[in-house]
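Residue strings, one per chain:
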Amino acid sequence: MNRNLSVLALSGALALGAFAGFELSERSNAQGTGTSSALTASTTPSTSAARVFDSGRARTESEANTVQVVKDREDGLVYISVTERTQNSPQAQLRQQLEEQFGFGLPDLPGDGGVQRGTGSGFFVDAQGDIVTNNHVVEGASEITIRLHGNKQTYKAKVIGRAPDFDLALIRAEGLPREAIKPIPLGDSSELDVGLKAIAMGAPFGLDFSVSEGIISSLDRTVPVGAKGVEQKVIQTDAAINPGNSGGPLLNSAGQVIGVNTQILTGGSGQSAGVGFAIPVNTVKRLLPQLRAGGVIKTPTLGILFTDLSAVPQDERQKLGLPASGALVQQVYPGSPAAQAGLQGSTQPAAPDQNAPTHNGASQIATGGDIITAVDGQPITEGADLSRAVIDKRIGDTLRLTVQRGGQTRDVTVNLQAFTIPNNQQ
């Protein structure tokens, strides 16, 4: 929605009293009195002059850096507009679900009849014109158009590849002049430190080219990302991120992309509350070859329902004789990779009056199943460790699970494949 922003400009005049000192100094010199008072008065002009505001010199080093980064990278930013022909389509409903999950979606633009429109952001990653954005920006879109910074001309774009479980997508515009493509270099998110500068660029609320600045607030944060909602590591920043910033770049002081803005915590306001999240750029770099190959990147599914033992109260674990951490297998779905590997679910009924969360939100614990304590030799401290280990693998890879069964420990090798949980259960 186009909005007119009104700006109230205030102006004022600052009068400097430098002439009084200058006149006093001249009078003292004419009288030949080299007194200390005359010397003091003669220094007044330089003191006053030092207070004159110099817009060039007054810029701090950080401000000058931000200005330069923005000037160098603004042409690599892309504004994305999407159209959905049918709001009730499965794709549109999925996108709405994703937008609610991520704390915000696309700011709606005027539509007509069954047409719904929205905007997002993206950025060039190579000289071929490939544009990275969020999957939830283009999910379910029947038409995609892009515009470049400082240019009102629009170009139709198409989706090249999608990674729904990582909320990433790659699109490419048709008929875009090569000289208009300004890729932004990709950095290394493994070299980041908390407290470093973070610059977010995008089109919040449909406002073309807005920049916000903050710092990296945390590198230890994990939040549910993508269609499966698996908790993954993200970059937390206090740089203002709002609806329409989805898919835009998060930059460092060297002008490199360090993340892709993806979601926020809103506190119920539906807009920035100072806690925003970006997908680390190293995830983007890892998936880019598959995205360029086209199609939808599918991730493997283990095919089990489990309880995160670290979330079970200590007294309840002790009562049931369970360890402090690990994934207690409640159910193994027939035909799943876990079933083919021989993993076993519970053989005992769910314990009554239990209120411990499981991986898919069930509230009771069924005992007797395998307890997965490590993945590829790495101990499981929380259930999300297992989910992350699976989603970071490719279809066809193997996963070595350390399992406790009947008081004995054994290793189980799982050949990972794509698998659909019955009834859309997690």
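**Student:** Looking at this structure, how should I read the environment of Ile-215?
**Tutor:** Structurally, the position occupied by Ile-215 is in strand E9 (residues 210-225). Separated by 23 residues in the primary sequence, Ile-215 and Asp-238 place their C-alpha atoms 6.1 Å from one another. In this structure Ile-215 touches Gly-195, Leu-196, Lys-197, Ala-198, Gln-236, Thr-237 and Asp-238, once residues within four positions along its chain are discounted.

**Student:** Would you explain unusual backbone geometry in this entry?
**Tutor:** Excluding glycine, residues mostly have negative phi values, and the peptide bonds linking residues are mostly trans. In this model, Asp-167 sits at a positive phi of 55°, which is unusual for a non-glycine residue. Residue placement: Asp-167 occurs in the loop between strand E6 (155-163) and strand E7 (168-173). Backbone geometry places Asp-376, a non-glycine residue, at a positive phi of 50°. Mapped onto the secondary structure, Asp-376 falls in the loop between strand E17 (371-375) and strand E18 (378-379).

**Student:** Even after reading the chapter, I still don't get the nonpolar core, so can you show me in this structure?
**Tutor:** Where a protein is soluble and globular, its nonpolar side chains tend to be buried together. The biggest cluster of nonpolar side chains holds 27 residues, and the ones touching the most others in it are Val-132 and Leu-168. Breaking this core down by element, the ones donating at least two residues are strand E1 (77-84), E6, E7, strand E8 (197-202), strand E12 (257-265) and helix H7 (281-293). For Leu-168, the contacting residues outside a window of four places in its chain are Val-132, Thr-133, Asn-134, Asn-135, Arg-162, Ala-163, Val-260, Ile-279, Thr-283, Val-284 and Leu-287. Of all hydrophobic cores here, the second largest spans 20 residues; its members include Leu-343, Leu-386, Leu-401 and Val-414.

About the thresholds
Residues numbered from 1 in each chain as written. Predicted model: local features only at pLDDT ≥ 70, side-chain atom pairs only at ≥ 80, totals over all residues. Heavy atoms only, no water. Helix = DSSP H or I, 4+ residues; strand = E, 2+ residues; numbered from the N terminus. Contact = heavy atoms within 4.5 Å. Core = buried A, V, L, I, M, F, W, Y, C linked by side-chain atoms within 4.5 Å. Buried < 20%, exposed > 50% of the residue type's maximum accessible area, 1.4 Å probe, protein only.

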